[in-house]
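Structural characterization, general
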Amino acid sequence: GFGVGGMFRKMYTRNIFGHIGFSISSVEDEQVVDFIYQYGNSISPGKLNRFLIIPLFCGAEYRIFADEIRNNFRPFVDIGGGPFMLYSSPGQEEFFSSLGNGQSHYSAGGYIGLGAYWGENQGTLIGVNFRFVYAPYPKGIESLENGLTGERVRKKEFGGFYITLTFGAGYE
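So, here's what we can say about the structure. Keep in mind that what you see is a predicted model, and the values were worked out from it rather than measured.

**Quick look at the environment of Phe 158**
Within the secondary structure, Phe 158 sits in the loop between strand 10 (152–157) and strand 11 (160–169). Residue Phe 158 is classed as buried on the basis of its relative accessible area of 0%. Sequence separation of Phe 158 and Val 27 is 131 residues, and the distance between their C-alpha atoms is 6.6 Å. Once residues within four sequence positions are removed from consideration, Phe 158 is found in contact with Val 27, Phe 51, Ile 53, Leu 86, Ala 135, Tyr 137 and Ile 141.

Structure (structure tokens):
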């Protein structure tokens with residue numbers, strides 16, 4: 001799915017940064033099949049719920065190869081974690097109207113990533129980050145109903161591989 005978020009980032013040393021980020025993005029159950037028919041309408045047979053994940057993660061970045069690479073390309077590794085909210089809403093209703101009929105669920109998770117910022121001016125943050133997010137919800141939330149057996153599938157893992165694009169400004 002797609003999402004949007006914000007981040008506050010602070011430099012502690014030349015190579016170590018801390019950050020706190022808040023975002024909201026959609027999460028799909030990989031077992032759900034969407035069929036698109038005339039005029040762009042779609043149907044997802046058996047889909048019980050759609051999901052949004054809203055994490056509040058704190059983390060740290062470590063700039064790698066700082067002495068070997070010029071300042072216009074700044075690769076880093078990062079790690080973080082914290083609480084997140086899962087919001088589930090009815091999957092067979094229209095997206096915006098279904099939001100009023102949803103439920104909140106809470107858990108905690110984390111991530112590990114690799115990324116880079118580029119540009120000579122370090123006050124401007126333009127970058128990309130490839131992260132693996134671990135976001136378990138042990139109780140699970142019903143996501144899909146098998147039309148033949150009536151069995152309901154519970155989704156228990158809401159993380160995965162994320163590509164994050166960063167556009168921002170730094171200040172001192």
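This is not the end of the story, as more comes after the structure.
**Regarding the pairing of strand 1 (residues 3–11)**
Walk down a regular strand and you will see the side chains alternate between the two sheet faces. Both strand 1 and strand 2 (residues 16–27) contribute to a ladder of 9 bridges, which runs antiparallel. Within strand 2, the position partnered with Arg 9 by the bridge is His 19. From the end of strand 1 to the start of strand 2, which pair antiparallel, there are 4 residues.

**Points about the sheet that holds strand 11**
Spatially, the 7 strands line up as an open sheet ordered 1-2-5-6-7-8-11, and their pairing is antiparallel. Edge positions in the sheet fall to strand 1 and strand 11, since each has one partner strand and no second. Each strand axis lies, on average, 20° off the axis of its neighbour in the sheet, ignoring direction. With 13 bridges connecting them, strand 5 (residues 49–63) and strand 6 (residues 73–90) associate as antiparallel partners. Within strand 6, the residue paired with Arg 50 across the bridge is Ser 89.

**Brief notes about a nonpolar patch on the surface**
Taken together, the side chains of Phe 73, Trp 118, Ile 126, Phe 130, Phe 161, Ile 163, Leu 165 and Phe 167 define a hydrophobic patch exposed on the protein surface, amounting to about 880 Å² of accessible area. The dominant element in the nonpolar patch, judged by the number of residues it contributes, is strand 11, at 4 residues. Tracing the backbone shows Phe 73 in strand 6. With relative accessibility at 38%, the residue Phe 73 sits in the partly exposed group.

**So, the packing of aromatic side chains**
Scanning all chains against the criterion turns up 4 aromatic pairs. Measuring from ring centre to ring centre gives 5.1 Å for Phe 51 and Phe 158, while their planes differ by 75°; the resulting arrangement is edge-to-face. With Phe 51 in strand 5 and Phe 158 in the loop between strand 10 and strand 11, this pair connects stretches of sequence that are 107 residues apart. Pair check on accessibility: Phe 51 and Phe 158 agree, each one buried. Taken together, a centroid distance of 5.7 Å and an interplanar angle of 35° make the contact between Phe 57 and Tyr 111 tilted. Of this pair, Phe 57 sits in strand 5 while Tyr 111 sits in strand 7 (residues 103–118), and the two are 54 residues apart along the sequence. Sitting above the plane of the Phe 17 ring, Arg 9 keeps its charged end 3.8 Å from the centroid.

Rules used throughout
- Residues numbered from 1 in each chain as written.
- Predicted model: local features only at pLDDT ≥ 70, side-chain atom pairs only at ≥ 80, totals over all residues.
- Heavy atoms only, no water.
- Helix = DSSP H or I, 4+ residues; strand = E, 2+ residues; numbered from the N terminus.
- Buried < 20%, exposed > 50% of the residue type's maximum accessible area, 1.4 Å probe, protein only.
- Contact = heavy atoms within 4.5 Å.
- Pairing = 2+ DSSP bridges.
- Axes fitted to C-alpha atoms, helices over the stretch in contact; angles between N-to-C directions.
- Patch = residues over 30% accessible without salt bridge, like charges linked within 9 Å, V, L, I, M, F, W, Y side chains within 5 Å.
- Areas by Shrake-Rupley, 256 points an atom, 1.4 Å probe, with all protein chains shown as cover.
- Salt bridge = Lys/Arg side-chain N within 4 Å of Asp/Glu carboxyl O.
- Phe/Tyr/Trp six-rings, centres within 6.5 Å; stacked < 30°, edge-to-face > 60°.
- Lys NZ or Arg CZ within 6 Å of the ring centre and 35° of its normal.

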